[in-house]
Amino acid sequence: MERRRIPLSDPDEEGVRLQKVLAAAGVGSRRACEEMIEQGRVTVDGQRVRVQGMRVDPEKAVIHVDGMRIASTPGAAHLALNKPVGVLSTMNDPEGRPNLGDIVEGRGQRLFHVGRLDAETEGLILLTNDGELAHRLTHPSYGVQKTYLAQVEGIIPRDLGRRLREGILLEDGLARADSFKMVDAVGRHALVEVVLHEGRKHIVRRMLQEAGFPVKRLVRTRFGPIALGDQRPGKVRNLNREEIGALYKAVGM
Ligand code: URA
């Protein structure tokens, strides 16, 4: 699709002034944004802009500040939710079961959820109205890593990490972890961290079960550059500018 960029300062021209778009995206005051432009820190569609007064189409322009993409589309939404147990990863459910749509209802935005978590799995799920971003974040070819904390039963042997990294053979093929860490162990209960970049259904539960360690509780604590932190279950927050920039960067946008 051709991108329109209209580098004119006539107020009657189409488009919105770049410093206004930057300020609306939360980059800073208009004055601060003008300074950033002057300092050569802003690119539009890959070209550095140093002149003031350039007009852009905020819906189409790809704008970076200090190499970080900004969300310039008015109404752009990039949210992080801590999905509680029992909530389905769908935006609506014909049978009326609790789902993501219930939690973000009333925002007046058409949101996509970035991938899924099992109903019984908790933790970080991203939502956005940028369809291309959502698509890339879930497509295996972009290799975005997800981190899970699993509470398992059993005494963890020293070689479990190696086995998971080398791959566990499941009924639909080999599944490999990118990394594994033992977090805690008390008696026959352990807390382990598994990082992987694939997204097959029940993948962490199936890998650990097959390795001999049934999962009692599973929480996703990180999705690419975004961490769950201490966000409470059921709570939604807007990602900040750095997090949004890092997400786009993770998938080459
Ligand atoms: N792995 C699982 O087993 N469940 C999830 O929801 C995500 C990854």
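A.B. asks: Would you mind showing me how to read the overall build of the chain here?
C.D. replies: Tallying secondary structure elements over the chain gives seven helices and 18 strands in all. Oriented by its inertia axes, the alpha-carbon framework of the chain measures out at about 70 × 40 × 30 Å. Here the contacts in the chain between residues at least 6 apart in sequence split such that 61% fall between residues at least 24 apart. By element, 47% of the accessible surface of the chain is carried by carbon and sulfur atoms, the whole surface being about 13,300 Å². Charge-centre separation for the chain: the mean point of 40 positive side chains lies 3 Å from the mean point of 34 negative side chains.

A.B. asks: How should I be thinking about the nonpolar core in this particular structure?
C.D. replies: Nonpolar side chains tend toward joint burial in soluble globular proteins. Ranked by size, the top nonpolar core spans 33 residues in total, and within it Val-152, Ile-156, Leu-160, Leu-164, Val-192, Met-207 and Leu-208 carry the most contacts. Those residues within four positions of Met-207 in sequence are excluded, and the remaining contacts are Leu-164, Ile-168, Leu-170, Ala-175, Arg-176, Ala-177 and Leu-196. Among the nonpolar cores identified, the runner-up in size contains 18 residues, and Ala-80, Ile-226, Tyr-248 and Val-251 belong to it.

A.B. asks: Just checking my understanding: could you explain the layout of surface pockets for this structure?
C.D. replies: Rolled over the atoms, a probe as big as a water molecule pinpoints where empty space is left. Here the largest pocket is characterised by a volume of approximately 530 Å³. Taken together, 31 residues form the lining of the largest pocket, with Arg-116, Leu-117, Gly-199, Arg-200 and Lys-201 sitting closest to its centre. The calculated volume of the second largest pocket comes to roughly 380 Å³. Lining the second largest pocket are 21 residues, and of these Glu-59, Lys-60, Arg-69, Thr-73 and Asp-130 sit closest to its centre. Classifying every residue of the lining of the second largest pocket by side-chain character gives ten nonpolar, four polar and seven charged.

A.B. asks: Is there a simple way to think about the sheet that holds strand β7 (residues 68–69) in this case?
C.D. replies: Pairing between sheet strands relies on hydrogen bonds along the backbone, with the strands arranged either parallel or antiparallel. As summarised here, the arrangement of the four strands in space is β4-β3-β6-β7, forming an open sheet in which the pairing is antiparallel. Pairing within the sheet leaves two strands with one partner each, and these edge strands are β4 (47–48) and β7. Inspection of the sheet shows strand β6 (residues 63–65) paired to β7 by two bridges, in the antiparallel sense. Looking at β7, one finds that His-64 is bridged to Arg-69.

A.B. asks: So what exactly am I meant to see when it comes to helix α7 (residues 241–250) here?
C.D. replies: An α-helix turns once per 3.6 residues; consequently, residues spaced three or four apart project the same way. Regarding α7, the residues found buried are Glu-243, Ile-244, Gly-245, Leu-247 and Tyr-248. Residues of α7 that are buried in the fold lie against β7, β8 (78–83), β10 (122–128), α4 (131–138), β17 (226–227) and β18 (236–238). For α7, the capping residue at the N-terminal end is Asn-240, with a side-chain oxygen 3.1 Å from the backbone nitrogen of Glu-242. Just downstream of α7, Gly-252 is the residue with a positive phi angle, here 65 degrees.

A.B. asks: Would you take a moment to explain the environment of Gly-173 for this structure?
C.D. replies: Along the chain, the position of Gly-173 falls in strand β13 (residues 173–175). Gly-173 gets classed as partly exposed once you look at its relative accessible area, which sits at 23%. Here the alpha-carbon distance between Gly-173 and His-135, two residues 38 residues apart in the chain, equals 23 Å. Filtering out sequence-adjacent residues up to four positions away, Gly-173 remains in contact with Ile-168 and Arg-200.

A.B. asks: Is there a simple way to think about the pattern of salt bridges in this case?
C.D. replies: A side chain of one charge can pair with a side chain of the opposite charge when the charged atoms of the two come close. This structure, assessed with the given rule, holds 17 salt bridges. Across the pair Asp-172 and Arg-206 runs a salt bridge whose closest N-O atoms are separated by 3.0 Å. Of the two residues, Asp-172 is situated in the loop between β12 (168–170) and β13 and Arg-206 in helix α6 (residues 203–210); the sequence distance between them amounts to 34 residues. A salt bridge links Glu-193 to Lys-181, with the nearest nitrogen and oxygen atoms 3.9 Å apart. Residue Glu-193 is found in strand β15 (residues 189–196), and its partner Lys-181 is found in strand β14 (residues 179–186); the two are separated by twelve residues along the sequence. Residues participating in the shared-partner salt-bridge network are Asp-172, Glu-198, Arg-200 and Arg-206.

Cut-offs applied
- Residues numbered from 1 in each chain as written.
- Predicted model: local features only at pLDDT ≥ 70, side-chain atom pairs only at ≥ 80, totals over all residues.
- Heavy atoms only, no water.
- Helix = DSSP H or I, 4+ residues; strand = E, 2+ residues; numbered from the N terminus.
- Contact = heavy atoms within 4.5 Å.
- Areas by Shrake-Rupley, 256 points an atom, 1.4 Å probe, with all protein chains shown as cover.
- Lys, Arg positive; Asp, Glu negative; His and termini not counted.
- Charge placed at Lys NZ, Arg CZ, Asp CG, Glu CD.
- Core = buried A, V, L, I, M, F, W, Y, C linked by side-chain atoms within 4.5 Å.
- Buried < 20%, exposed > 50% of the residue type's maximum accessible area, 1.4 Å probe, protein only.
- 1 Å grid on protein atoms, 1.4 Å probe; cavity = no way out; pocket = protein on both sides within 12 Å on 5 of 7 lines; lining within 4 Å.
- Points joined across faces, edges and corners; volume = space filled by probe spheres on them.
- Nonpolar A, V, L, I, M, F, W, Y, C, P; charged D, E, K, R; others polar.
- Pairing = 2+ DSSP bridges.
- Polar contact = N/O pair within 3.5 Å; in protein donor to acceptor, adjacent residues only side chain to side chain.
- Salt bridge = Lys/Arg side-chain N within 4 Å of Asp/Glu carboxyl O.

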